[in-house]
Amino acid sequence: MSRILSCLIVDDEPMALHLVESYVLKTPFLKLVRKCSSGFEALNYLNEERVDLLFLDIQMPDFTGLQLAKVLPKSSRIIFTTAFDHYAIEGFKVEALDYLLKPFDYSEFLSAANKAKEWFELVHNSKIAKSENKDFLFVKSDYKQLKIKLADILCFEGLKDYVKIWIKDNPKPILTIMSLKALEEELAADKFMRVHRSYIIALDRIEAIERGQIIIKEHRITVSDQYKPAFQDFINTNSLR
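Keep in mind that this is a model prediction, so the values were computed, not measured. (Residues numbered from 1 in each chain as written. Predicted model: local features only at pLDDT ≥ 70, side-chain atom pairs only at ≥ 80, totals over all residues. Heavy atoms only, no water.)

**What about the pairing of strand β11 (residues 192-196)?**
In step 1: When you tally the buried positions in β11, you get four out of five residues, the bulk of the element.
In step 2: Summarising the sheet, β11 and strand β12 (residues 199-202) pair through four bridges and their orientation is antiparallel. Directly across from F192, in β12, lies its bridge partner A202.
In step 3: Hairpin connection from β11 to β12: two residues lie between these consecutive antiparallel strands. (Buried < 20%, exposed > 50% of the residue type's maximum accessible area, 1.4 Å probe, protein only. Helix = DSSP H or I, 4+ residues; strand = E, 2+ residues; numbered from the N terminus. Pairing = 2+ DSSP bridges.)

Printed below as a string of structure tokens:
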């Protein structure tokens, strides 16, 4: 089953926002999480939430799409949408996946979206391959570098600039200075999943799912709307038919 890609549309033109939204909604492997009418609005959202794919206009007042592209986390990818054809080189420099020249139709949009789908599938598969020989990580806590076995981790809980790492048979979490967003980029996608803005869970540690909540030992974690499609894909893939 294909992964669902979370999408953010950024454009200062309301008609363009509406058009790209209509294209996203008819594409099964895309999920729209936000529309933004400025680069600053998008940046504020991305400081709090992880997004896979941005459909990003280039020419916007105050903060352009190119400026936003230069400060995105490495886990987010870009498809530029613009009325001007002389930005191709700049798009290449920020590693955009594709470049849609306005006005574009759904077939052009779908071709670009499929490129994104293929890119994320490659990254997902490479993470799985990389994780096969990695069974621990080091985290800095209380002026020490602690070695933690991945198999012992129950979940990660974000708390502003800190992350609590909950370990089996340990009533107190390990506290480290880090963001969940940075941590998520380093974890193997087949072992860990972000299910809430404040939680990454160890998939092997799920004991039950009850009324939209994941139960892992004493933790009851709600799956937020943004992460429900990917989590449901995981459940469907691992359910008896």
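**Some points on the sheet that holds strand β5 (residues 98-101)**
In step 1: Pairing in this open sheet of five strands is parallel, and the strands run β2-β1-β3-β4-β5 from one edge to the other. Each end of this open sheet is capped by a strand with a single partner; those strands are β2 (30-36) and β5. Adjacent strand axes in the sheet meet at a mean angle of 20° when their direction is disregarded.
In step 2: When strand β4 (residues 77-82) meets β5, the two strands line up parallel, connected through four bridges. In the strand pairing of β5, T81 is matched with L100.
In step 3: Lying on the sheet, helix α1 (residues 14-25) is in contact with β1 (5-10), β2 and β3 (53-57); it crosses β2 at an angle near 165°. (Axes fitted to C-alpha atoms, helices over the stretch in contact; angles between N-to-C directions. Contact = heavy atoms within 4.5 Å.)

**Some details on the side chain of R50**
In step 1: One can find R50 in the loop between α2 (39-46) and β3.
In step 2: Overall, the relative accessible area of 13% leaves R50 in the buried class.
In step 3: A polar side-chain atom of R50 sits 2.9 Å from a polar atom in the side chain of D52.
In step 4: Those residues in contact with R50 that sit more than four places away from it in its chain are R3, S6, S75, E184, R194, Q226 and Y227. (Polar contact = N/O pair within 3.5 Å; in protein donor to acceptor, adjacent residues only side chain to side chain.)

**Things to note about the environment of I79**
In step 1: Assignment of secondary structure puts I79 in strand β4.
In step 2: The class for I79 is buried, based on a relative accessible area of 0%.
In step 3: In this structure the C-alpha to C-alpha distance between I79 and Q145, which are 66 residues apart in sequence, comes to 39 Å.

**Section: α2**
In step 1: Every buried residue of α2 is accounted for by G39, A42, Y45 and L46. When α2 is viewed along its axis, its buried side chains cluster within an angular range of 125° and face the same direction.
In step 2: Structurally, α2 contributes buried residues whose contacts are with β1, β2, β3, α3 (65-69) and α6 (180-186). (Arc of directions from axis to C-beta.)

**Brief notes about the pattern of salt bridges**
In step 1: This model, assessed by the stated rule, comprises 15 salt bridges.
In step 2: The closest approach of N and O atoms between R50 and D52, which form a salt bridge, is 2.9 Å. Exposure class is identical for R50 and D52. Each is buried.
In step 3: Here the salt bridges share partners, and the residues they tie into one network are D11, E13, D57 and K102. (Salt bridge = Lys/Arg side-chain N within 4 Å of Asp/Glu carboxyl O.)

**Brief notes about the environment of L56**
In step 1: Relative to the assigned elements, L56 resides in strand β3.
In step 2: Here the alpha-carbon distance between L56 and V10, two residues 46 residues apart in the chain, equals 4.9 Å.
In step 3: Once residues lying within four places of it in the same chain are set aside, the contact partners of L56 are V10, G65, L68, A69, I78, I79, F80 and T81.

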